[in-house]
Structure formats: structure tokens, C-alpha cells
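Architecture at a glance
The primary structure of each chain is shown beneath.
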Amino acid sequence: MAEQNLMEKIVSLCKRRGFVFPSSEIYGGIGGFWDFGPLGVELKNNIKSWWWKTMVQTRDEVVGLDTTIIHNPKVWEASGHTLSFTDPLRECKSCHKRFRVDQLEKDQCPECGGKLTEVKQFNLMFETFIGSAKETANKAYLRPETCQGIFLNFVNVLDTVQPKLPFGIAQIGKGFRNEVTLGNFIFRDREFEMMELEYFVKPGEDEKWFDYWLKERMKWYLDLGIDKKNLRFFEHPKKSLAHYSKRTVDIEYKFPFGWAELEGIANRTDFDLKNHAKFSGKDLRFQDEKGEKFFPYVIEPSVGVERIVLALLLEGYQEQKGKEEIRVVLSLNPKISPVKVAVFPLLANKPELIKMAKEIYQDLKTCFNTAWDDIGNIGKRYRRQDEAGTSWCITVDFDTLKDKTVTVRDRDTMKQERIAIDKLKDFFQTKLI
Ligand code: GAP
């Protein structure tokens, strides 16, 4: 399948099946903002839960946090965002559109051919005002990254969990950036969801832990089922590192529009804690077992959920040629597929089949996200569920009434097996661990 064609198919599937809708669509949309539909919200929630489980709950040394989107504006002075979170832009003097310098090929406006201004630094943070008066004194920002909330609560967490180094604090939440260049569907958004871990380590051990997190995070994507050939590391050259970073390596995915950043792993050194200590006047040092006080270094794996959604949809989308028609299947890892099981009565007009199928459906629903489907013939129902990424389909037929077994059909292999109703939960559970 041609790469660009694949992207168009994903956009269309997302709209048709309710994964992603353009935000405010009835008013013509709003660039860089997307809503997640009934299947999309399940997929997104499953990705977040899997990240939380693997990065927080199954680790002894990591705890979670949920901080506010708006912080005291001094936070962004200390973090360096007020000064440095900028894109160099040039504005067209005729149509007033703005363009990123690195994306301009000529010395004129790519849209209308007009003359361009000199390069200006444009801050990507969204501004808002606290209270009723729209005055500079009340200006605040929507956070462009979630990690500052973690640094702000560093001492609170030290006081409550008394951790030893290394230890981590994780957060999932919305981030906002007034991006100038959009496109590529949900890849670059103005509102998106971030999953960030700040891993605090002894200075001097930072390089070792950096390498550890590179391996861990790459393994995470491979475990989710992304093909090794579509993933690679990209080492940022020293001269283009963010203002806080000693080293940054991206995990890149081979998107249809080229290799691009999926996740960034940065060695933020002691930059953030030191600066917050300086700007707030508070002691934000860690005290070790010997009573020595110092600023730990921070290793940060950071990723946007929307980019994982896009990568998984692209990775899972398949068109398989059948005898009569093309089977579209979304081969998602069952751990994150939006719907785990769909239950069908073989015939929609047989009350005894419907009664039995409904009982199974209601029972499975208490453990897994389960769908009910009795529209059209079985073949049509399979196609519908395959396209939605549903991992298994159960058909209740006349044998079920006699022997209390059902047919379970696997989305990827299309293999069918008979399973006893009372063994169904165990059967799915073991595949979802
Ligand atoms: N705290 C570190 C940080 O914010 P970043 O590389 O600017 O680093 C981290 O962002 C991750 O957030 C990226 O790897 C990407 O997955 C995601 N991300 C960044 N900007 C995004 C945007 N405009 N739309 C969607 N995801 C974005």
C-alpha cells in the first residue's frame, strides 16, 4: 500500500468507526484539536493504563501524581520556557500567516508570494488570564509539558514516601502548545496528552540510567507489537539540544510521512530542581542516608498519547484479499484493543439464542470491554469487528443450548475453537496478562 494512501485510509477509518473526529467539526473545525470517539477513547485509555501499569504500578521505586494544568507563572520563568520555548518564525507582510524558518524554502510567503518579516521568536505557550481583569499581572499559561508539576511537588513526595535514589514520579495529563505547523493528522496537535516520568538519580549515575531507560522504552514498544524495523533511535546533536538537556535520544517511528519522533528521552540534569530552588527560595535538595544534601539528576522518558495512537493504527492496519472482498483488519495487541470481545447470537430472530448470548455478554462485560452485535449475517459482523480491532468474537449457536460451549474466533488468525461458557473468562484473562 502506498504510504500516503495508508495515512488517508487511517484518517477515514478513524472518522467512519469513531476513533477520532475533528474538534468542533460542525463549526468548520479548529486546527490542531481533535476529539476521540467511542473506540478512540477506549484505545487511548488502554494505552494510558498500560503505561501506568508498566511505568508506575509494577515498579517499587515509582509513584504517580496528578497536578494542575495551570501553575504559578513564575514556574515558566524558572523552567526557561518564558524565554526559550520558542520557534523562530517569519510573518508574511501581506496575508500575515506565520511560517517556521526551518520550513521555508524561499525568501517569500509560500501561500501568497508576499514579502516576509525578519525572523521573530514566537513563544509556543498558550496564554490565559486568572480572574476577571485581563492584565499582565494576571497572565498565566496552559502547561506545555506535565513534568514541571512533578518538580513543584518534589519535596511533597519526598516527605510522604521517603524514597531512596533512584526513584521516579510519573504523570499523565494534558499539554498545550500553540504549534505553527500542523498536518499529519493527530501527529502534531495544539492540545494533546503526555505521559512523563521524571526519574531521579545520583549525579554521576545519570548516564547509566539514561541507557537503562533507552532500552526499557524501546522494549515497551516492541512488547506492544510494533515491528522492530519501524522503530529506531535518533541521537540529538549537541547543538540542537533543548535548554535543559545534557543528552536527548528520540525513539522514532517510521510514519508514512517519514521517520519522526514518537518519544523523547532526555537527561535533564539538575536543571529544573536547581532553578526552581533559585526562583522559589525553597530548599529542593535530596538528603541521602549519610545526611548529604544535593540536587539529583533527572532522566525523563516523555511521550504523547496521540502519537502512540497514530503509530499503533498505522502498524495494525491491514487489507487482506479474500475470495470475494477485501478484509480490513486492525491488528492491535489485545491489551490495548478498544473492544476485547464481541458476542453474537447466530440468528437475530431466535429468542432462545438471544437469551443465552445476552447472559454471556452481560457476564463478560463485568470483566472486559464487550460489544453486542446482531446486525446482518455472521460474516458482516466479523468484518465490522475486525475493522474496529476487536480481539475475539463469540458466536452462540444451537449447539450452545445443548452443550454450553460457544465458538470463539480470533481476529488475527481467524481460527475458531469451541470453548465452554464457564471457561471463557479464564481463556481471555490469560491472553490479556
Ligand atoms: N518534558 C519533555 C518534553 O516536553 P518534548 O520532546 O517537547 O519533551 C515530549 O515532548 C513528547 O510529547 C514528544 O516525544 C511527543 O510524543 C509529544 N509531543 C510533543 N509535542 C506534541 C504535539 N504538538 N502534538 C502531539 N504530541 C506532541
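Below is a short write-up of the structure. All values derive from a computational prediction rather than experimental measurement.

Some thoughts on the packing of aromatic side chains
- Counted by the stated rule, this structure contains 22 aromatic pairs.
- Ring centres of Tyr212 and Trp213 lie 5.1 Å apart, and the angle between their planes is 85°; this geometry places the pair in the edge-to-face category.
- Above the plane of the ring of Phe36 lies Lys44, whose end atom (NZ or CZ) is 4.4 Å from the centre.

Quick notes on the sheet that holds strand E11 (residues 231-235)
- The strand order E3-E9-E10-E16-E13-E12-E11 describes an open sheet built from seven strands, whose pairing is mixed. Whereas interior strands pair on both sides, the edge strands pair on one side only; in this sheet they are strand E3 (62-65) and E11. Looking at each pair of strands side by side, their axes are set apart by 25° on average, direction ignored.
- Two strands pair when backbone bridges link them, and E11 and strand E12 (residues 247-255) are joined in this way by five bridges, in the antiparallel orientation. Bridge pairing in E12 places Arg232 opposite Glu252.
- Where helix H7 (residues 206-223) meets the sheet, it contacts strand E10 (191-201), E11, E12, strand E13 (258-269) and strand E16 (297-304), and its direction lies at approximately 150° from that of E13.

A short note on the pattern of salt bridges
- Inspection of the entire model under this criterion finds 42 salt bridges.
- Put simply, Arg418 and Asp403 hold a salt bridge, and the shortest N to O gap is 4.0 Å. Taken together, the residues Arg418 in strand E23 (residues 416-420) and Asp403 in helix H12 (residues 398-403) connect sequence positions 15 residues apart.
- Among the residues examined, Arg418 registers a relative accessible area of 36% and is labelled partly exposed.
- Residue class for Asp403 comes out partly exposed when judged on its relative accessible area of 42%.
- A cluster of three or more residues bridged by salt bridges with shared partners is formed by Glu325, Arg327, Arg383, Asp386 and Arg409.

Let's talk about helix H2 (residues 38-57)
- For H2, built from 20 residues, the straight-helix expectation of 28 Å at 1.5 Å per residue is met to within 8% by its first-to-last C-alpha distance of 27 Å.
- What H2 keeps buried is the set Leu39, Gly40, Leu43, Lys44, Asn46, Ile47, Lys48, Trp50, Trp51, Met55 and Val56.

What about the site of the ligand?
- In the region of the ligand, 21 residues are neighbours, and Glu145, Arg177, Glu196, Glu261 and Leu262 sit closest.
- At a separation of 2.6 Å, a nitrogen atom of the ligand approaches a polar side-chain atom of Glu145.
- Within the side chain of Glu196, an N or O atom sits 2.5 Å from a nitrogen atom of the ligand.
- Burial of the ligand by the protein amounts to 91% of the accessible area it has alone, namely 560 Å².
- In a pocket analysis with a 2 Å cut-off to the grid points, the ligand is assigned to the largest pocket.
- Here the shell around the ligand gets five residues from one element, more than from any other, and that element is E13.
- Considered class by class, the residues forming the shell around the ligand number seven nonpolar, three polar and 11 charged.

Looking at the sheet that holds E23
- Spatially, the five strands line up as an open sheet ordered E20-E19-E21-E22-E23, and their pairing is mixed. Edge strands, defined here as strands with exactly one partner in the open sheet, are strand E20 (370-372) and E23. Pairs of neighbouring strands in the sheet enclose a mean axial angle of 30°, with direction left out of account.
- In the sheet, strand E19 (residues 341-345) pairs with E20 via three bridges, with the strands oriented parallel. Paired with Val341 across the bridge in E20 is Thr370.
- The strands touched by helix H11 (residues 378-388) within the sheet are E19, strand E21 (392-396), strand E22 (405-410) and E23, with E19 carrying the most contacts at an inclination of about 165°.
- Together, E19, E21, E22 and E23 form the strand contacts of helix H13 (residues 424-432), whose direction differs from that of E21 by roughly 170°.

Conventions used here
Residues numbered from 1 in each chain as written. Predicted model: local features only at pLDDT ≥ 70, side-chain atom pairs only at ≥ 80, totals over all residues. Heavy atoms only, no water. Phe/Tyr/Trp six-rings, centres within 6.5 Å; stacked < 30°, edge-to-face > 60°. Lys NZ or Arg CZ within 6 Å of the ring centre and 35° of its normal. Pairing = 2+ DSSP bridges. Helix = DSSP H or I, 4+ residues; strand = E, 2+ residues; numbered from the N terminus. Axes fitted to C-alpha atoms, helices over the stretch in contact; angles between N-to-C directions. Contact = heavy atoms within 4.5 Å. Salt bridge = Lys/Arg side-chain N within 4 Å of Asp/Glu carboxyl O. Buried < 20%, exposed > 50% of the residue type's maximum accessible area, 1.4 Å probe, protein only. Expected span 1.5 Å × (residues − 1). Near = heavy atom within 4 Å. Polar contact = N/O pair within 3.5 Å; in protein donor to acceptor, adjacent residues only side chain to side chain. Areas by Shrake-Rupley, 256 points an atom, 1.4 Å probe, with all protein chains shown as cover. 1 Å grid on protein atoms, 1.4 Å probe; cavity = no way out; pocket = protein on both sides within 12 Å on 5 of 7 lines; lining within 4 Å. Sits in = over half its atoms within 2 Å of the grid points. Nonpolar A, V, L, I, M, F, W, Y, C, P; charged D, E, K, R; others polar.

Geometric values such as these leave the question of function open.
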